[in-house]
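# Geometric and topological summary
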Amino acid sequence: MNFSSLSSKPLSFPDGTPKGPGAIPSLTGWPPLRENPGAICYEDDFFLILNKPAGMLVHPTAREDGSTLWNYVRRYYDSQGLSLGIHPVSRLDRFTSGLVIFAKYASLQAALSHQSLLKEYLAVTVGAPPARHGILEDPIARKEGSIIEREVRPDGKPCRTEYEVLERHGDLSLVQCRLYTGRTHQVRVHFAHAGFPLWQDHLYGAPGEQARHGLHAWRVGFRHPRTGRWLEITTALPEDLREALREGKAR
């Protein structure tokens, strides 16, 4: 990927998700799905795959119900008069962008749970590993005293992340990674432990209030349970991460 030819635009992180029951979505540049077909990366009678913006939760919570990706899907179905289930197959952190798979029936969600899904990310990292290609296999566990943070620990669960450095831009690098396990914060923890944390990951890198960090789920793939064919969907690196790479500064 070469970003040198792209025009410079101001950084804009859509992290102003409203809170509270029934809150009206107000994420910048994210209209209702019926008016935003570009956010739908794939749809058939069985699955819906969306490109989630950074700053949006996937699931409703007690404090945040009305502005999550689940709510957007619900309104999308309602606008078309569809009575379908909303069954997330994949999940992303609030400040990670990219592809999220929803099954329209619980049986299909269960079918995919028995598959090893293809999951690939593009990461913007501070620094880069010395080797262009490698595999990180440090076990990951919940950090004692925290309900959110994870850490590498000998008694943690087995993990496997394969990576390839694609480009270097000043202080930053663009790294493609494939997950063979699905631990919470796996890429973030593995890369930070190896010495090249994600750009603006203030939980595992430089301390601070967490906001948009350099991680984008760009490719998913699976064997379609109904058609039997291999389905593979990709989405481009968002403009805010391209801009970060053009600037090439850790901040």
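Refer to the preceding data block for the structure.
Read on for an overview of the structure.

Rules used in this analysis
Residues numbered from 1 in each chain as written. Predicted model: local features only at pLDDT ≥ 70, side-chain atom pairs only at ≥ 80, totals over all residues. Heavy atoms only, no water. Helix = DSSP H or I, 4+ residues; strand = E, 2+ residues; numbered from the N terminus. Buried < 20%, exposed > 50% of the residue type's maximum accessible area, 1.4 Å probe, protein only. Contact = heavy atoms within 4.5 Å. Phe/Tyr/Trp six-rings, centres within 6.5 Å; stacked < 30°, edge-to-face > 60°. Lys NZ or Arg CZ within 6 Å of the ring centre and 35° of its normal. Salt bridge = Lys/Arg side-chain N within 4 Å of Asp/Glu carboxyl O. Pairing = 2+ DSSP bridges.

## A look at the overall build of the chain
What the chain contains, in helices and strands, is four helices and 14 strands. Buried residues in the chain amount to 48% of all 251 residues. Sequence-distant contacts, at least 24 apart, represent 64% of the contacts inside the chain between residues at least 6 apart.

## Some words on the packing of aromatic side chains
Applying the stated rule across the entire model yields five aromatic pairs. Relative to Tyr 77, the ring of Tyr 76 has its centre 6.1 Å away and its plane inclined at 40°; by these criteria the two rings are tilted. Just as Tyr 76 is buried, Tyr 77 falls in that class too. Both rings, one in Tyr 163 and one in Phe 191, keep their centres 6.4 Å apart while their planes meet at 85°; by these two values the pair is edge-to-face. One end of the pair, Tyr 163, is in strand S11 (residues 161-169); the other, Phe 191, is in helix H3 (residues 186-194), with 28 residues separating them in the sequence. Here Tyr 163 falls in the buried class, since its relative accessible area comes to 7%. An aromatic cluster is present here, built from Tyr 163, Phe 191 and Phe 196 joined pairwise through their rings. Against the face of Tyr 72 rests Arg 75, its NZ or CZ located 5.3 Å from the ring centre. Cation over ring: Arg 160 sits above Tyr 180, and NZ or CZ is 5.4 Å from the ring centre.

## Focus on unusual backbone geometry
Positive phi is not limited to glycine here, since His 185 has a value of about 60°. In this structure, His 185 sits in the loop between strand S12 (172-179) and H3. The exposure class assigned to His 185 is buried, which follows from its relative accessible area of 11%. One non-glycine residue, Gln 200, adopts positive backbone phi at about 60°. Along the polypeptide, Gln 200 turns up in the loop between H3 and strand S13 (215-223). Looking at Gln 200, the relative accessible area reads 13%, which means it is buried.

## Considerations on helix H1 (residues 69-79)
Along H1, the residues that are buried comprise Leu 69, Asn 71, Tyr 72, Val 73, Tyr 76 and Tyr 77. The first or second residue beyond H1 is Gly 81, which carries a positive phi of 70°.

## Notes on the pattern of salt bridges
Summed over the entire model, instances satisfying the criterion amount to 14 salt bridges. Between Arg 219 and Glu 120 there is a salt bridge, with its nearest N and O atoms 2.9 Å apart. One end of the pair, Arg 219, is in strand S13; the other, Glu 120, is in strand S7 (residues 118-126), with 99 residues separating them in the sequence. Each member of the pair, Arg 219 as well as Glu 120, carries the same accessibility label: buried. The salt bridge partner of Arg 188 is Asp 201, with a shortest N-O separation of 2.8 Å. On the criterion of sequence distance, the pair formed by Arg 188 in helix H3 and Asp 201 in the loop between H3 and S13 is long-range, its members being 13 residues apart. Like Asp 201, Arg 188 is buried.

## So, the pairing of strand S2 (residues 40-43)
Bridge count for S2 against strand S3 (residues 47-52) is three bridges, and the pairing is antiparallel. Each residue of the ladder has a partner; that of Tyr 42, found in S3, is Ile 49. Hairpin connection of S2 to S3: three residues between the antiparallel strands.

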